[in-house]
Every structure is written in C-alpha cells, then in structure tokens.
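Examining the three-dimensional arrangement
Each chain, written out:
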Amino acid sequence: MPRPPKEVTCRCGHTSTLTIPKLLCVKCGKYVFYNADEQRRHRIQSLYVLGMFAAAITLVTYLFVEMIVEPLFR
Ligand SMILES: [Zn+2]
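Residues numbered from 1 in each chain as written. Predicted model: local features only at pLDDT ≥ 70, side-chain atom pairs only at ≥ 80, totals over all residues.

Let's talk about the overall build of the protein
- Along the backbone of the protein there are 1 helix and 4 strands.
- Counting from the amino terminus, the protein carries its helices and strands in the arrangement β-β-β-β-α.
- Relative to a compact globule of 74 residues, whose C-alpha radius of gyration would be 11 Å, the protein shows 21 Å and is clearly more extended.
- In terms of its C-alpha atoms, the protein occupies a principal-axis envelope of roughly 65 × 25 × 15 Å. (Helix = DSSP H or I, 4+ residues; strand = E, 2+ residues; numbered from the N terminus. Rg over C-alpha atoms; globule rule 2.2 N^0.38 Å.)

What follows is the structure, given as structure tokens:
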C-alpha cells in the first residue's frame, strides 16, 4: 500500500524520507521506521526469527547428544 513520504530522523542524526514501513539508514546501517507501529512489528518479527533460530539450535543439539554423544558412553 502506498504511503505519503515522511521524513524520519535516525538516532545517528541522518534524515531519511520513507515511503515504505522501514528503511536501512545509509549512514549507520540501522533501520529507521515509518512509525512506532512499524518499529514494534519489526521487533516482534526479529524476536520470532530469534526464537525459531534458538529452537532449531536446541533441536540440533538435542539430536546430537541423543544420537552421537550418548551412544559413546554406553
Ligand atoms: Zn542512522
């Protein structure tokens, strides 16, 4: 959905014009957000990705212990 261009100032002081929900700041490489809602959505998405990543690592570790480490000590 198209949005009217909006000027957002990054924490580093660089001002970007946004027409999309989020944009990488060209100066510091961090995201600047169209509004607080988009920032919250981004945070939830990041947490979700992080959670999935942690779950995958846990599963791989579990399988590794179950299938490789445990038989060695039997
Ligand atoms: Zn910046």
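Quick notes on the domain arrangement of the protein
- Domain boundaries assigned for the protein yield domain 1 (1-34) and domain 2 (35-74).
- Counting residues at the interface gives 5 residues for domain 1, matched by 4 residues for domain 2.
- For the side of domain 1 that touches domain 2, a count of residues per class yields 4 nonpolar, no polar and 1 charged. (Domains from an automatic or database assignment. Contact = placed C-beta atoms within 7 Å. Nonpolar A, V, L, I, M, F, W, Y, C, P; charged D, E, K, R; others polar.)

Topic: the pairing of strand β2 (residues 15-18)
- Both strand β1 (residues 6-9) and β2 contribute to a ladder of 4 bridges, which runs antiparallel. Of the residues in β2, the one forming a bridge with Glu7 is Thr17.
- Once β1 ends, the chain turns through 5 residues before running back antiparallel as β2, passing Gly13 with a positive phi of about 105°. (Pairing = 2+ DSSP bridges.)

Quick notes on helix α1 (residues 36-72)
- Taking 1.5 Å per residue as the helical rise, α1 with its 37 residues ought to reach 54 Å, and the 53 Å between its terminal C-alpha atoms agrees with that figure.
- Counting buried positions over the 37 residues of α1 gives 0, only a small fraction of the element. (Expected span 1.5 Å × (residues − 1). Buried ≥ 20, exposed ≤ 12 C-beta atoms within 10 Å, placed from the backbone.)

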